[in-house]
Amino acid sequence: MLNRLSLLLLAVTLPLAAHSAERPVLNVYTHPSFAAEWGPGPGVKDAFEKQCDCTLNYTVLNSGGDILQRLRLEGASTPADVLLGLDTATMETALQTGMIGKHERALDALDLPIDWNDAHFIPYDWGYFAFVYDTQQLAEPPASFDALINAPDDLKIIIQDPRTSTPGLGLLLWMHSVYGDEAAQKWEQLNGKILATTQSWSDGYFSLFMNGEAPMILSYSTSPAYHMAVDKTDRYQAAQFEEGHYLQVEVAALVESSKQKDLARRFLDFMLTPDFQEHIPLKNVMYPAIDLGADLPEVFDRLITPEHTFFMAPAEVASQRRQLVNDWLDAMTR
């Protein structure tokens, strides 16, 4: 009788013990350049899992636009707990889905070129859009949009689609900031110099630009830092434009329907610590969102510094985005 009772208790307690030993899973929707083997994702995963007694799982989508599209399609049934890979140009659109929760986190550690007090989105890095050029193909790059537009016809560039790519949308906002109502006309003039418009930044940078298909690509002023520090070459540089450069801040957010809200908020806190931020400069190749002091790689001192910065508030971007994209599409088909 005692042995049978012991076996019965064992049968009851084993599933409970196994269940209690399961590690919670935090699902993060992100894009390829973050989660790639060479990106910050693997290091961030290792560092966070050592602290959280959990499993950090990445769902990799092609771009920030695809992250938003997946969120819309899945609605409240989404398995996502955190979105990582949106930016200041897509924040308001994400907020309008009704799927973004308040982070309820302190933001004292932030070190950005703009003030930040948003209740829903937390920055994890920032940078300036710029055209990166191959010095072996182009000794003297254009020094302004006008110079690029009026350059010889054999100068070709690679850009990204603003409907799917945050850098692509950033270029629309940059052009609009410089030219205002004349931006659509300038796009028509620039169209002949566009070799390719790729769905994502990764597609254009690695598949085309790094294979020598064009001497210039829309990227970031920070992109040369990777080549200088890791590839040990000065071959790839960013062209400084006289009119200035557009600021991008990349952000993460809590998904309102998440069943792991406490863990998600813990991850958002973790983003603003050195254990996360140390992976940003040479793996996401952007400026960190906190002050890393002497731990910021010295190559960042050798990057271009824009004399003027353009920036549109997220709500303003959302109100103009559709018209700017339509103007761009019209210009590209003429």
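Right above here is the structure, for reference.
Cut-offs used in this document
Residues numbered from 1 in each chain as written. Predicted model: local features only at pLDDT ≥ 70, side-chain atom pairs only at ≥ 80, totals over all residues. Heavy atoms only, no water. Phe/Tyr/Trp six-rings, centres within 6.5 Å; stacked < 30°, edge-to-face > 60°. Helix = DSSP H or I, 4+ residues; strand = E, 2+ residues; numbered from the N terminus. Buried < 20%, exposed > 50% of the residue type's maximum accessible area, 1.4 Å probe, protein only. Salt bridge = Lys/Arg side-chain N within 4 Å of Asp/Glu carboxyl O. Disulfide = S-S within 2.5 Å.

Trainee: In this structure, what is going on with the packing of aromatic side chains? I would like to understand it.
Mentor: Geometry of an aromatic ring pair is reported as the spacing of the ring centres plus the angle between the planes. Under the counting rule described, the total for this entry stands at 28 aromatic pairs. Taken together, a centroid distance of 5.9 Å and an interplanar angle of 25° make the contact between phenylalanine 131 and phenylalanine 241 stacked. One end of the pair, phenylalanine 131, is in strand S5 (residues 121–134); the other, phenylalanine 241, is in the loop between strand S9 (236–239) and strand S10 (245–255), with 110 residues separating them in the sequence. Taking the relative accessible area as the measure of exposure, phenylalanine 241 reaches 2% and is therefore buried. Here the aromatic rings of tyrosine 205 and phenylalanine 206 are separated by 5.6 Å at their centres, their planes lie at 70°, and the arrangement is edge-to-face. The partly exposed category is assigned to phenylalanine 206, whose relative accessible area is 36%. Connected via pairs of aromatic rings, a cluster forms that spans Phe34, Phe48, Tyr58, Tyr124, Phe267, Phe270 and Phe276.

Trainee: So what exactly am I meant to see when it comes to the pattern of salt bridges here?
Mentor: Side chains carrying opposite charge are able to pair once their charged atoms draw close together. Scanning all chains against the criterion turns up 10 salt bridges. The shortest N-O distance in the salt bridge between lysine 45 and glutamate 49 comes to 2.6 Å. Separated by 4 residues within a single helix, lysine 45 and glutamate 49 lie in helix H3 (residues 41–52), roughly one turn from each other. Given a relative accessible area of 18%, glutamate 49 falls into the buried group. Its salt-bridge partner being glutamate 104, residue arginine 265 comes within 3.8 Å of it at the nearest N-O pair. Here glutamate 104 lies in the loop between strand S4 (100–101) and S5 and arginine 265 lies in helix H11 (residues 261–271), a separation of 161 residues in the sequence. For arginine 265, a relative accessible area of 12% gives the class buried. A single salt-bridge network, built from bridges that share partners, covers Asp234, Glu298 and Arg302.

Trainee: It is not clear to me how the state of the cysteines should be interpreted in this structure. Could you clarify?
Mentor: The bond known as a disulfide is covalent and runs between the sulfur atoms of two cysteines. Across all of its chains, the model carries 1 disulfide by this definition. In this model, cysteine 52 is linked to cysteine 54 through a disulfide, with the two sulfur atoms separated by 1.9 Å. Between cysteine 52 and cysteine 54 the sulfur-sulfur dihedral comes to about -85°; the bridge is accordingly left-handed. Accessibility assignment for this pair places cysteine 52 and cysteine 54 in one class, buried.

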